[in-house]
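# Notes for the structure review
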Number of protein chains: 2
Amino acid sequence: MRRIAVVTSNPHKVEEVASFFAGVAEVEHVRMEIPEYRDDDVRVIAREKARYAYSQLGQALIVDDTAFSIDALKGFPGPYAAYVQDRIGNDGILKLMEGVTDRRAHFETAIAYADGEGEVHIFSGVVEGEVTGEARGEEGFGYDPIFAVGRRTFAEIPLGEKSKMSHRARALASFRAWLEDQ
Amino acid sequence: MRRIAVVTSNPHKVEEVASFFAGVAEVEHVRMEIPEYRDDDVRVIAREKARYAYSQLGQALIVDDTAFSIDALKGFPGPYAAYVQDRIGNDGILKLMEGVTDRRAHFETAIAYADGEGEVHIFSGVVEGEVTGEARGEEGFGYDPIFAVGRRTFAEIPLGEKSKMSHRARALASFRAWLEDQ
């Protein structure tokens, strides 16, 4: 079976990928410090991270990166979602969105797969939604309480259900479908 | 005389450095795409950029990076100052600071000098000030209209005066003093 290294500092991600690829590929965890490239496009960031990781490992691997983008804020916080969440939090985002009628926002996860020869393939998953007027729900983390898909925020959707329809799940599904075709 | 390459995509920076180093070093402009490292510390970012540029050029060079940090926002926007300015602007910052009594903020420029052997030396310049309640003044750019040192915002200080006391000028002065000692 194909072997793929999941390069991340987060072991939970590895479990998720492993269960996703049961029967398709064998997944192992590689912990590596990857320089964080700055770019507005999360697919470019993931690609650069995969190139770097491949230059160190020389084997098939995946890395990923996620952005949270609010239309009315020209895509802010975008790929800096984690930094911005830590600094100004959901309260800061809600303050910035006070009086703003266009509430559209989306999550995007990009997965970059470097194959055994170092060629990089990108798979992206997007979920469209809206920024709520206030935080709601207890599940998940980060922007989940202020990001609504339909009537529920991500933090009001049970984890098992969310992990089937999330941006990350969509990117992984797209990658797996491609891999099964190879 | 010593020759130093100023690695940047901004020719105005080169003129500023050249006039600063008249008689001390000869300055030339090198345009290069440097991957943008993500880090909370602008000195680390400048160091990594200098290492990368030296690996490409193999000659003495400087690069720089600037952060704008607001205490009450845990240092936000920090090294992402340019991105955040472009996306939410000074209006966004003022909105985040509504009702916040601690207005302290600072600018920091870090200059990284890679010498002829590739050893990297870091020089930093900081200006402490406060976020105003509203934008004032026409000079400068970026956060200048909402950043006050004493009674005037950076945008209310004539450019000639500001360029003597700015964070960037302080970093350059510290670098020049060190260079003259070598």
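Residues numbered from 1 in each chain as written. Chains lettered and ligands numbered in written order. Predicted model: local features only at pLDDT ≥ 70, side-chain atom pairs only at ≥ 80, totals over all residues. Heavy atoms only, no water.

### Quick notes on the packing of helix H1 (residues 11–20) of chain B against helix H6 (residues 167–181) of chain B
All names here are of chain B.
- At a minimum axis separation of 11 Å, H1 and H6 run at an interaxial angle of 45 degrees. When the axis of H1 is compared with that of H6, the two are oblique. The two elements H1 and H6 meet at a crossing, and its hand is right-handed. Of the residues in H6, those in contact with Lys13, Glu16, Val17 and Phe20 of H1 are Arg168, Ala169, Leu172, Ala173 and Arg176. (Axes fitted to C-alpha atoms, helices over the stretch in contact; angles between N-to-C directions. Helix = DSSP H or I, 4+ residues; strand = E, 2+ residues; numbered from the N terminus. Parallel < 35°, antiparallel > 145°, perpendicular 65-115°, else oblique. Left-handed = near helix turned anticlockwise from the far one by under 90°. Contact = heavy atoms within 4.5 Å.)

### Section: the packing of aromatic side chains
- Summed over all chains, the structure comprises 33 aromatic pairs over all chains.
- Each member of the aromatic cluster is reached from another via a ring pair, and the members are Phe20(A), Phe21(A), Tyr113(A), Phe123(A), Phe175(A) and Trp178(A). (Phe/Tyr/Trp six-rings, centres within 6.5 Å; stacked < 30°, edge-to-face > 60°.)

### Concerning the interface of chain A and chain B
- Opposite the 25 residues of chain A that make contact, chain B presents 25 residues.
- Summing both sides of the interface, chain A and chain B together bury roughly 2,300 Å²; the carbon and sulfur share of this comes to 57%.
- Looking at the side of chain A facing chain B, the largest losses of area belong to Arg38(A), Tyr83(A) and Arg87(A), adding up to 32% of the total buried there.
- The tally of links from chain A across to chain B stands at two salt bridges.
- One salt bridge connects Asp40(A) with Arg87(B), and the closest N-O pair in it is separated by 2.6 Å.
- Applying the counting rule to chain A against chain B returns 14 residue pairs in polar contact (both at pLDDT 80 or more).
- If you list the elements that add at least two residues to the side of chain A that touches chain B, you get strand S4 (77–78), helix H3 (81–87) and helix H4 (89–96) of chain A.
- Taken together, the residues that form the side of chain A that touches chain B break down as 13 nonpolar, three polar and nine charged. (Buried area = accessible area lost by both parts, 1.4 Å probe. Salt bridge = Lys/Arg side-chain N within 4 Å of Asp/Glu carboxyl O. Polar contact = N/O pair within 3.5 Å; in protein donor to acceptor, adjacent residues only side chain to side chain. Nonpolar A, V, L, I, M, F, W, Y, C, P; charged D, E, K, R; others polar.)

### Section: the UniProt feature "binding site: Mg(2+)" (unreviewed entry) in chain A
- UniProt's entry tags Glu36(A) and Asp65(A) with the feature "binding site: Mg(2+)" (unreviewed entry), counted in the numbering of this structure. A maximum C-alpha distance of 10.1 Å places the annotated residues, which cover 30 residues in sequence, within one compact spot.
- Along the polypeptide, Glu36(A) turns up in the loop between strand S2 (25–30) and helix H2 (42–57).
- Overall, Glu36(A) belongs to the partly exposed group, its relative accessible area being 30%.
- Here Glu36(A) is in contact with Lys49(A), Asp65(A), Glu36(B), Tyr37(B) and Arg38(B), once residues within four sequence places are set aside.
- Position of Asp65(A) among the secondary structure elements: in strand S3 (residues 61–70).
- You can call Asp65(A) buried: its relative accessible area is 7%.
- Discounting chain neighbours no more than four positions away, the residues touching Asp65(A) are Glu36(A), Val42(A), Ile45(A), Ala46(A), Lys49(A), Glu108(A), Thr109(A), Ala110(A) and Arg38(B). (UniProt positions renumbered as here; feature names shortened; annotations may be inferred. Buried < 20%, exposed > 50% of the residue type's maximum accessible area, 1.4 Å probe, protein only.)

### What about the environment of Ala53(A)?
All names here are of chain A.
- Here Ala53 lies in helix H2.
- In this structure Ala53 comes out as buried when scored by relative accessible area, which is 0%.
- Separated by 76 residues in sequence, Ala53 and Gly129 have C-alpha atoms that sit 32 Å apart.
- Residues contacting Ala53, with those up to four places away along its chain left out, are Val7, Met32, Ile34, Gly58, Leu61 and Val63.

### Regarding the pattern of salt bridges
- Enumeration according to the criterion identifies 30 salt bridges over all chains in this entry.
- With a closest N to O distance of 3.0 Å, Arg47(B) and Glu48(B) form a salt bridge.
- The structure contains a network of salt bridges with shared partners spanning Arg3(A), Glu26(A) and Glu28(A).

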